[in-house]
Amino acid sequence: SFFDPSNKSAQAQKEQMAMDCLDELLDWLQEQTVTGGCACGILDATNTTIERRAKVIERCTREREEDGGLRLIFVESITEDEAILSNNFRMKVDNDDYSGTDPEAALADFKARVRQYEKVYQ
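Note that the coordinates shown come from a computational prediction; the quantities given were computed from them, not determined experimentally.

Undergrad: Please explain the packing of aromatic side chains as it appears in this structure.
TA: The description of an aromatic ring pair rests on the distance of the ring centres and on the angle between the ring planes. Taken as a whole and judged by the stated rule, the model has three aromatic pairs. Taking 5.9 Å as the distance between ring centres and 85° as the angle between the ring planes, the aromatic pair formed by F3 and Y117 counts as edge-to-face. With F3 in the segment before α1 (8-33) and Y117 in helix α4 (residues 103-120), this residue pair connects regions lying 114 residues apart in the sequence. The buried category is assigned to F3, whose relative accessible area is 17%. Assessed through its relative accessible area of 18%, Y117 is described here as buried.

Undergrad: Please clarify how the packing of α1 against helix α2 (residues 50-67) should be interpreted in this entry.
TA: Two numbers describe a pair of packed helices, the interaxial angle and the distance between the axes. Remark: α1 packs on α2, axes separated minimally by 11 Å, with the N-to-C direction vectors making an angle of 25°. In terms of axis orientation, α1 runs roughly parallel to α2. Crossing of α1 over α2 shows right-handed handedness. Contact with α1, carried on its side by K14, E15, A18, M19, L22, D23, L26 and Q30, involves R52, K55, V56, R59, C60, E63 and D67 of α2 and no other residues of that element. Among the residues forming the contact of α1 with α2, the class breakdown is six nonpolar, one polar and eight charged.

Undergrad: Looking at this model, I keep getting lost on the environment of R53. Mind explaining?
TA: Within the fold, R53 resides in helix α2. Separated by 21 residues in sequence, R53 and F74 have C-alpha atoms that sit 8.7 Å apart. Other than its neighbours up to four places away in sequence, R53 contacts N47, T48, F74 and Q122. Separated by 2.7 Å, the side chain of R53 and the backbone oxygen of N47 make a polar contact. Reaching out from R53, the side chain makes a polar contact with the backbone oxygen of T48 at a distance of 3.5 Å.

Rules behind the numbers
Residues numbered from 1 in each chain as written. Predicted model: local features only at pLDDT ≥ 70, side-chain atom pairs only at ≥ 80, totals over all residues. Heavy atoms only, no water. Phe/Tyr/Trp six-rings, centres within 6.5 Å; stacked < 30°, edge-to-face > 60°. Helix = DSSP H or I, 4+ residues; strand = E, 2+ residues; numbered from the N terminus. Buried < 20%, exposed > 50% of the residue type's maximum accessible area, 1.4 Å probe, protein only. Axes fitted to C-alpha atoms, helices over the stretch in contact; angles between N-to-C directions. Parallel < 35°, antiparallel > 145°, perpendicular 65-115°, else oblique. Left-handed = near helix turned anticlockwise from the far one by under 90°. Contact = heavy atoms within 4.5 Å. Nonpolar A, V, L, I, M, F, W, Y, C, P; charged D, E, K, R; others polar. Polar contact = N/O pair within 3.5 Å; in protein donor to acceptor, adjacent residues only side chain to side chain.

Written as structure tokens, this is what we have:
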């Protein structure tokens, strides 16, 4: 599975995608603030490991050293409320990852993905 943490090839691809998205976000923020304006960006990524968060911090630190205006925060939402989880899972099956997929198969796949994330969560 692409989301299995023991799949090293997939892990490398996910890391590259996350860093590419971060670079795009930082470029956009730079464009928005070049004239002294203010902007906020959200990197909606699964930063489940200390290593991933450290990479994000390191990249943002380099950016801050260049322009001084960047501020980074991590927002984490944790719940065990089954109603909230069920609703969030159902919303996920409507995203592009599951376009054209049977909703029940998509839901089962997403729940399996979450179990993979739980294996490495720190």
